[in-house]
Structure formats: structure tokens, C-alpha cells
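Examining the three-dimensional arrangement
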Amino acid sequence: MSGLLERFPAPAVMGVVNVTPDSFSDGGLYLDPAVAVAHGVELAAQGADVLDVGGESTRPGSDPVSAQLELDRVLPVIEGLVEAGAGPVSVDTMKADVARRALEAGASFVNDVTALRNDPEMAGVVADAGVPICLMHMLGTPKTMQQDPRYQDVVAEVSEFLLEQAAVAEAAGVKRELICLDPGIGFGKTLDHNLELLAHLDRLAGLGYPLLIAVSRKRFLGAITGRDEGHRLAATIAANVAALERGAWMFRVHDVRPNREALDVSARIRAAG
Ligand code: HH2
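Residues numbered from 1 in each chain as written. Predicted model: local features only at pLDDT ≥ 70, side-chain atom pairs only at ≥ 80, totals over all residues. Heavy atoms only, no water.

For the coordinates displayed, the defined rule picks out 0 disulfides. Not engaged in a disulfide, the cysteine cysteine 134 finds its nearest cysteine sulfur in cysteine 180; these two sulfurs lie 4.0 Å apart. A relative accessible area of 0% means that cysteine 134 is categorised as buried. By relative accessible area, which is 0% here, cysteine 180 ends up buried. (Disulfide = S-S within 2.5 Å. Buried < 20%, exposed > 50% of the residue type's maximum accessible area, 1.4 Å probe, protein only.)

Let's shift gears to the layout of surface pockets. Within this model, the largest pocket holds a volume of roughly 590 Å³. Lining of the largest pocket is provided by 34 residues; of these, Phe24, Arg59, Pro60, Phe187 and Lys218 occupy positions nearest its centre. For the lining of the largest pocket, the secondary-structure elements that each account for two or more residues are α7 (191–199) and α9 (219–225). If one sorts the elements of the lining of the largest pocket by residue count, α9 sits on top with 3 residues. By residue class, the composition of the lining of the largest pocket is 13 nonpolar, 11 polar and 10 charged. Empty space within the second largest pocket amounts to approximately 260 Å³. Lining the second largest pocket are 20 residues, with Leu5, Tyr209, Pro210, Leu211 and Trp249 sitting closest to its centre. Of all the secondary-structure elements, those providing two or more residues to the lining of the second largest pocket are α1 (4–7) and α11 (256–272). The leading source of residues in the lining of the second largest pocket is α1, at 3 residues. Of the residues that constitute the lining of the second largest pocket, the class distribution is 13 nonpolar, 3 polar and 4 charged. (1 Å grid on protein atoms, 1.4 Å probe; cavity = no way out; pocket = protein on both sides within 12 Å on 5 of 7 lines; lining within 4 Å. Points joined across faces, edges and corners; volume = space filled by probe spheres on them. Helix = DSSP H or I, 4+ residues; strand = E, 2+ residues; numbered from the N terminus. Nonpolar A, V, L, I, M, F, W, Y, C, P; charged D, E, K, R; others polar.)

At a minimum axis separation of 9 Å, helix α2 (residues 33–45) and helix α3 (residues 67–83) run at an interaxial angle of 45°. In this view, α2 runs oblique relative to α3, as classed from their interaxial angle. As for the relative orientation of α2 and α3, their crossing is right-handed in sense. Packed against α2, whose contacting residues are Pro33, Ala36, Val37, Gly40 and Val41, the element α3 presents Pro76, Val77, Gly80 and Leu81 at the interface. (Axes fitted to C-alpha atoms, helices over the stretch in contact; angles between N-to-C directions. Parallel < 35°, antiparallel > 145°, perpendicular 65-115°, else oblique. Left-handed = near helix turned anticlockwise from the far one by under 90°. Contact = heavy atoms within 4.5 Å.)

The next thing to look at is the site of the ligand. Taken together, 18 residues are adjacent to the ligand, and Ser23, Ser57, Asp182, Lys218 and His254 come closest. Phenylalanine 24 is positioned such that a nitrogen or oxygen atom in its backbone is 3.0 Å from an oxygen atom of the ligand. Between the ligand and arginine 59, the relevant distance is 3.5 Å, taken from an oxygen atom to a main-chain nitrogen or oxygen of the residue. When the ligand sits alone it has 490 Å² of accessible area, and the protein chains cover 98% of it. Under a 2 Å grid-point criterion requiring more than half of the atoms, the pocket assigned to the ligand is the largest pocket. (Near = heavy atom within 4 Å. Polar contact = N/O pair within 3.5 Å; in protein donor to acceptor, adjacent residues only side chain to side chain. Areas by Shrake-Rupley, 256 points an atom, 1.4 Å probe, with all protein chains shown as cover. Sits in = over half its atoms within 2 Å of the grid points.)

Moving on, we get to the sheet that holds strand β2 (residues 50–54). Pairing is parallel across the open sheet formed by 8 strands, whose spatial order is β6-β5-β4-β3-β2-β1-β8-β7. The open sheet terminates on both sides in strands that have one partner only, identified here as β6 (179–182) and β7 (212–213). Note that strand β5 (residues 133–136) and β6 share 4 bridges and pair parallel. Considered in β6, the bridge of isoleucine 133 is made with isoleucine 179. (Pairing = 2+ DSSP bridges.)

Take the packing of helix α10 (residues 233–245) against α11 next. Following both chains from N to C, one finds α10 and α11 inclined at 30°, their axes separated by 10 Å at the closest point. Considering their axes alone, α10 and α11 lie roughly parallel with respect to each other. Crossing hand, α10 versus α11: right-handed. Residues Leu233, Thr236, Ile237, Asn240, Val241, Leu244 and Glu245 of α10 form the contact with α11, whose participating residues are Pro258, Asn259, Ala262, Leu263, Ser266, Ala267 and Arg270. By residue class, the composition of the contact of α10 with α11 is 8 nonpolar, 4 polar and 2 charged.

It is worth spelling out unusual backbone geometry at this point. The omega torsion of the bond from alanine 10 to proline 11 falls at -5°, within 30 degrees of zero and hence cis. Along the chain, the position of proline 11 falls in the loop between α1 and β1 (12–18). Phi at alanine 115 is positive, roughly 50°, even though this residue is not glycine. One can find alanine 115 in the loop between β4 (109–112) and α5 (122–129). Look at aspartate 148: it is not a glycine, yet its phi comes out positive at around 60°. Here aspartate 148 shows up in the loop between β5 and α6 (154–171).

Here it is in C-alpha cells:
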């Protein structure tokens, strides 16, 4: 079986399908499974390489939801997307049970924003299924993470954490070529932390795993531009292009077509240099 870079050549685009009432930018829009599936099909048509289906918001201050509620939200959508042939589906979850049932329903990628820390069974579920996993850095939990986050050296600390969690995954039997890393922009980070991570992304890209980056519509972009969640597309694209230039591989976005186009053009310029 091929590794992530062969399956999803850079720049790869992950389209967001949030089946939640409370996600920070699109909460409540896709709670109806039919609407969520239609949205995912549309994102695939716009050029998403993989669709990331999530049933629990992890926005700052959010409360956890039960595994059952998460399953009730994501399973019909995953089944619908698979049935529609919308392409590979990822499940955005920190719970092993949700991941297992999602994989049984046809998902083929796990995106764990706790990098295996929330559920001791997660690594085994991913290893048994032989699917890729994204390991993301977060300081604390969504409930508390934006309460005065501090680092001595954010790039070094995030790097160290991600390498440790990749080792945990590999020790559980996850193949190295199926692991990707994500610095977790906005997860326990100030504006300056986010900017420092993005500025030095080449160091994270040099850790030996493909690097996923998810800046789409995030608060730090609003802090710079003064625009709300619905008006952060230009800012998102600027950050994604900067991340691509520094070696990022996959880009998790809500607005697939414009990001796809910008990343493709930027990648072609890079390749010609
Ligand atoms: N960010 C969000 C959700 N999942 N996964 C990864 N790997 N990296 C991220 O930075 C990341 C993620 C938050 O964005 P969104 O899904 O739009 O919002 P919410 O958590 O409110 O549903």
C-alpha cells in the first residue's frame, strides 16, 4: 500500500464537512445528513482530495459531546458520501469508538486533534484498519486551550510533541508512511504563536512526515484583517500559500475551489523555479 504522499500528491486539499450545530464558522449549516452529503459532493467536485467529516466542534471554549451523538451525526454522512462516490472520507474525531464505526462505514482516514492522547484505543484502531492518521498538536483541551497559552519555544515544543506522538503511533503498529503531522493552528496558541509556527513551518516539514495545515477562516486571521468568519477567504489563501512555500503538504479548508486554484498556481510556480 502506498504512503500518504503518493496517495495525495501535494498540494493536497482536505474539504471540511462539519456536521455540528456549533462549529465556529459553519455550525448548523450541515446538520441535515442530506445537506451535508450534498455539500461534500460539491467540495469533491471543486477539487477536494479528501473530505473531513466531523461531529464535534473543537472551537475554543467548546464542550465535548458523547460518542453516540457524534456517531449519530457523522455515520449517515459518511455512508452517504461513500455511496455517492465522493472520494476518500476522513473522520475528524478523538474517540476510538467513533473512528472504528466510521472506518466500518467507509471512511479511510482518521484526523485526531488530540494526536492519540484522548483515547488509549485510538492508535490500535488506526493500526488495525491500516489507514492514515493526522496527529495534531493542541495545548490543553478545547475548553481551556485559549486561556493564556505559553511556550518557551513554540516551534521546538510543537515539534517535540508531534515526534513523540508519531512514535506512539508507530509503536502501536501504524505505518510511518501513513502518519501526517499538524501544528494545530489556533489550538492553545496566541496570534504570535500561530504566526511563528507558520513562519517556521519548514522546520516542522523537515521532521520527516507530511505536514497538514488548517488555517481556514480561523480567528487569528480575523485578528489581523478585522474580518469575521464569513470574510476570511483571502486571508486563508494567503496563509495557505505561505504554508505551501514552507513545505506544507495538505490544506484543510472550508472553501475548496479558491484554495485549490491558488495552491495549484503557487505549486506550479514553485516547481518551475
Ligand atoms: N481545526 C479544526 C478542526 N479540525 N483538524 C486538524 N487536523 N487541524 C486543525 O487545525 C483543525 C482540525 C477547527 O476548525 P473547524 O472544523 O472549522 O471548526 P470546529 O472545530 O468549530 O468544528
